[in-house]
Amino acid sequence: GAVVSQHPSRVICKSGTSVKIECRSLDFQATTMFWYRQFPKQSLMLMATSNEGSKATYEQGVEKDKFLINHASLTLSTLTVTSAHPEDSSFYICSARDGGKDFQPQHFGDGTRLSIL
Amino acid sequence: AQSVTQPDIHITVSEGASLELRCNYSYGATPYLFWYVQSPGQGLQLLLKYFSGDTLVQGIKGFEAEFKRSQSSFNLRKPSVHWSDAAEYFCAVEEYGNKLVFGAGTILRVKS
């Protein structure tokens, strides 16, 4: 159980393009999803917390207009990198927590490797 | 400030040898504690978690971890390492309702 699917796994696109990444909880309802960014040889950095039906909470230093997050259902959150530039190239990972039970750990997707040319 | 420390950036062990990865945290109260494993280019897989109760917790793939309140530690152990265990391991802590904070990670290499 507790499977999180992230799509696509890899994206290569030109500078100026907007890219959408999907994060789905396959076998549970996730009232809260999280988006992380991981730079090479570094740990995960939380970008934002996504709550179903409400606006995302962004961490300090993360541009809200650059990284648009939508959590329209209990099983799907999307991250859109708008007008992407080479400095946005990174590994993006989502996670989700089962909201229907007592406190549960976050379960992670397999990540999306974003490369902006 | 809340922090998680994994003092070993790299560890190399021989296949079949025992393994211990260290993790220390700095929190006011006992947080929730986790160990995750990440293979190259992949997401994170939960190995085990500690919420309360027995301080020795068993996880998947033969891993275990022991919570020691007096030392603010949550070290990960495995009695006999397999080559497939080579990966990066992250210790993480969370206070209820707050965000998950990760350590810097420890890269495990396994010698055959």
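In what follows, the accompanying structure is described.

Basis of the calculations
Residues numbered from 1 in each chain as written. Chains lettered and ligands numbered in written order. Predicted model: local features only at pLDDT ≥ 70, side-chain atom pairs only at ≥ 80, totals over all residues. Heavy atoms only, no water. Buried < 20%, exposed > 50% of the residue type's maximum accessible area, 1.4 Å probe, protein only. Helix = DSSP H or I, 4+ residues; strand = E, 2+ residues; numbered from the N terminus. Pairing = 2+ DSSP bridges. Phe/Tyr/Trp six-rings, centres within 6.5 Å; stacked < 30°, edge-to-face > 60°. Contact = heavy atoms within 4.5 Å. Core = buried A, V, L, I, M, F, W, Y, C linked by side-chain atoms within 4.5 Å. Salt bridge = Lys/Arg side-chain N within 4 Å of Asp/Glu carboxyl O.

### Thoughts on the pairing of strand β11 (residues 112-116) of chain A
All names here are of chain A.
For step 1, the next point in the chain: Among the five residues of β11, four are classified as buried, and the element is accordingly described as predominantly covered.
For step 2, the next point in the chain: For strand β2 (residues 10-13) and β11, the ladder comprises four bridges, and the chain directions are parallel. The residue of β11 that forms the bridge with V11 is L114.
For step 3, the next point in the chain: Judged from the three bridges that link them, strand β9 (residues 90-98) and β11 form a sheet pairing that is antiparallel. Bridged to S90 within β11 is L114.

### Re the packing of aromatic side chains
All names here are of chain A.
For step 1, the next point in the chain: One pass over the full model with this rule turns up 14 aromatic pairs over all chains.
For step 2, the next point in the chain: Ring geometry for Y36 versus F108: centroids 5.5 Å apart, planes at 45 degrees, classification tilted. Highlighted residues: Y36 in strand β4 (residues 30-38) and F108 in strand β10 (residues 107-108), separated in sequence by 72 residues. Taken as a pair, Y36 and F108 share a single burial class, namely buried.
For step 3, the next point in the chain: Between F67 and Y92 the ring centres are 6.2 Å apart and the planes differ by 45 degrees, which places this aromatic pair in the tilted class. Of this pair, F67 sits in strand β7 (residues 67-73) while Y92 sits in strand β9, placing them 25 residues apart in sequence. Residues F67 and Y92 agree in their burial class; the two are buried.

### What to know about the environment of M45 of chain A
Residues and elements named next belong to chain A.
For step 1, the next point in the chain: Within the secondary structure layout, M45 lies in strand β5 (residues 44-51).
For step 2, the next point in the chain: For M45 and L76, which are 31 residues apart along the polypeptide, the C-alpha to C-alpha distance reads 21 Å.
For step 3, the next point in the chain: The contacts of M45, once residues within four sequence positions are left out, are W35, Y36 and R37.

### Here's the deal with the nonpolar core
All names here are of chain B.
For step 1, the next point in the chain: Grouped together as the largest cluster of nonpolar side chains are 28 residues, with contacts concentrated most on L19, W35, L47, L48, F74, L76 and Y89.
For step 2, the next point in the chain: Where this core is concerned, the elements lending two or more residues are β2 (10-14), β3 (19-21), β5 (32-38), β6 (44-50), β8 (64-68), β9 (73-78), β10 (87-94) and β12 (106-111).
For step 3, the next point in the chain: Per-element tally for this core: the top contributor is β10, with four residues.
For step 4, the next point in the chain: Those residues in contact with L76 that sit more than four places away from it in its chain are L19, E20, L21, W35, L47, L48, F63, E64, A65 and Y89.

### Re the side chain of D88 of chain A
For step 1, the next point in the chain: Along the chain, the position of D88 of chain A falls in the loop between β8 (76-81) and β9.
For step 2, the next point in the chain: The exposure class of D88 of chain A is buried, given its relative accessible area of 5%.

### Section: the pattern of salt bridges
For step 1, the next point in the chain: Under the counting rule described, the total for this entry stands at eight salt bridges over all chains.
For step 2, the next point in the chain: With its nearest N and O atoms 2.8 Å apart, the salt bridge here joins K66 of chain A to D88 of chain A. In this pair, K66 of chain A sits in the loop between β6 (57-58) and β7 while D88 of chain A sits in the loop between β8 and β9, placing the two residues 22 residues apart along the sequence.
For step 3, the next point in the chain: Residues R77 of chain B and E66 of chain B are paired through a salt bridge, measuring 3.2 Å at the closest nitrogen-oxygen approach. Pair noted here: R77 of chain B is in strand β9 and E66 of chain B is in strand β8, with a separation of 11 residues, a long-range link.
For step 4, the next point in the chain: Assessed through its relative accessible area of 23%, R77 of chain B is described here as partly exposed.

The values are spatial; any link to function lies outside them.
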